[in-house]
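A closer look at the structure
Here are the chains, one letter per residue:
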Amino acid sequence: MDGKKSRWRTQKNGLPQGLVLAPMLFNIYTNDQPEFTDIKRFIHADDLCLATQSRSFETIEIELSDALEHLTEYYKRNCLNANPGKTQVCAFHLNNHQANRKLNIICDNNRLDNDQYPVYLGVTLDQTLSFAEHVRKTKMKVATRNNLLGKLANSNWGADPRMLRTTALALSYSTA
């Protein structure tokens, strides 16, 4: 900056933020993560989702807690840090009389918080998988962005049709 350079530093682990190859290298590095018999894993870059089903909430709690214990051991062996504070727990079901059931899932000796509307890869889920909350949030986001377009269209400098189209595609269309 201003013609000056910072000194060189050795990076012992991790990758520089924003590196294009980072997701691919992370996937290669973590390709040997433990797999589980009755638990499905959904992995995208560094986001991992574990899902299982059972007639008993207690069985689900035991299976997921055991799986998280194995994953925690794997992470420690491989110099990775899971963040229990960012971990979301939710039971998806069609049984309305147990709609507010909180799962008791333990990870690294911490009880994980239950979330009524967990978000995975930008999609807001709800316990009945109706996607009503995701649609509501998307509608609000598009309305806010459309308001910005309205302000832009009513200004002298923003009323150019090409600029409005480009802005609408970038702001509203991409979100919808």
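Below is a summary of the structure that appears in this document. (Residues numbered from 1 in each chain as written. Predicted model: local features only at pLDDT ≥ 70, side-chain atom pairs only at ≥ 80, totals over all residues. Heavy atoms only, no water.)

**What to know about the overall build of the protein**
Operational definition: A run of DSSP states H or I qualifies as a helix once it reaches four residues; a run of E qualifies as a strand once it reaches two. Both are numbered from the N-terminal end. Computation of the radius of gyration draws on C-alpha atoms, with the globule rule given as 2.2 Å multiplied by the number of residues to the power 0.38. With a 1.4 Å probe rolled over the protein chains alone, any residue whose accessible area is under 20% of its type maximum counts as buried; one over 50% counts as exposed, and the rest are partly exposed. By the convention used here, residues are in contact when the closest approach between their heavy atoms is within 4.5 Å. The method behind every accessible area is Shrake-Rupley, applied with a 1.4 Å probe, and residues are considered shielded solely by the protein chains displayed.
On a plain count of helices and strands, the protein comes out with four helices and six strands. Taken from the N to the C terminus, the helices and strands of the protein come in the order α-β-β-α-β-β-β-β-α-α. Against the globule reference of 16 Å for 176 residues, the protein gives a C-alpha radius of gyration of 22 Å, more extended than a compact globule. Taken over the C-alpha atoms alone, the protein extends approximately 65 × 55 × 25 Å along its principal axes. For the protein, with 176 residues in total, the buried portion stands at 26%. Excluding contacts between residues fewer than 6 apart, the proportion of contacts in the protein whose partners are at least 24 apart in sequence is 52%. As displayed, the protein offers around 13800 Å² of accessible surface, 53% of which is attributable to carbon and sulfur atoms.

**Considering the pattern of salt bridges**
Stated precisely, the cut-off is as follows: Throughout this description, the term salt bridge denotes a Lys or Arg side-chain nitrogen within 4 Å of a carboxyl oxygen of Asp or Glu.
Scanning the model with the defined rule gives five salt bridges in all. Its salt-bridge partner being Arg 41, residue Glu 35 comes within 3.6 Å of it at the nearest N-O pair. Residue Glu 35 is classed as exposed on the basis of its relative accessible area, which comes to 64%. Glu 58 serves as the salt-bridge partner of Arg 101, at 3.8 Å between the closest nitrogen and oxygen. Residue Arg 101 is located in the loop between α2 (57–77) and β3 (106–107), and its partner Glu 58 is located in helix α2; the two are separated by 43 residues in the primary sequence. Overall, Arg 101 belongs to the partly exposed group, its relative accessible area being 24%. Judged by relative accessible area, which is 45%, Glu 58 ranks as partly exposed. Taken together, the shared-partner salt bridges connect Glu 58, Glu 61 and Arg 101 into one network.

**Some thoughts on empty space enclosed by the protein**
Going by this rule: We place a 1 Å grid over just the protein atoms. Points where a 1.4 Å probe fits but has no way out form a cavity, open points with protein on both sides within 12 Å along at least 5 of 7 lines form a pocket, and any residue with an atom within 4 Å of a point lines it. Grid points are joined across faces, edges and corners, and a volume is the space filled by probe spheres set on the points. Basically, the charged four are Asp, Glu, Lys and Arg, the nonpolar ten are Ala, Val, Leu, Ile, Met, Phe, Trp, Tyr, Cys and Pro, and anything else, Gly included, counts as polar.
Counting across every chain of the model gives one cavity of 30 Å³ or more. Its boundaries defined by the atoms lining it, the largest cavity holds a volume of some 30 Å³. Residue lining of the largest cavity: Val 89, Cys 90, Ala 91, Arg 101, Lys 102, Asn 114, Asp 115, Gln 116 and Gln 127, and that is the complete set. Residue classes in the lining of the largest cavity are distributed as three nonpolar, three polar and three charged.

**Here we look at helix α4 (residues 161–175)**
Just so we agree on the cut-off: How far a helix is expected to stretch is found by multiplying one less than its residue total by 1.5 Å. The seven residues ending at a residue and the seven starting there each receive a fitted axis; the angle between those axes is the bend at that residue.
End to end, α4 covers 20 Å across 15 residues, agreeing with the expected 21 Å (1.5 Å per residue, within 8%). Along α4, the largest kink reaches about 40° and is centred on Leu 169. Buried residues along α4 sit against α3 (132–153).

**Looking at unusual backbone geometry**
Note: most residues except glycine have negative phi, and most peptide bonds are trans. A positive phi angle, near 55°, is found at Leu 129, a position not held by glycine. By secondary structure assignment, the location of Leu 129 is in the loop between β6 (123–124) and α3. Classification of Leu 129 by relative accessible area gives partly exposed; the value is 44%. Non-glycine residue Phe 131 carries a positive phi angle of around 65°.

**Things to note about the side chain of Thr 124**
With respect to the helices and strands, Thr 124 occurs in strand β6. Those residues in contact with Thr 124, other than ones at most four positions away along the chain, are Tyr 117, Pro 118, Val 119, Phe 131, Glu 133, His 134 and Lys 137.

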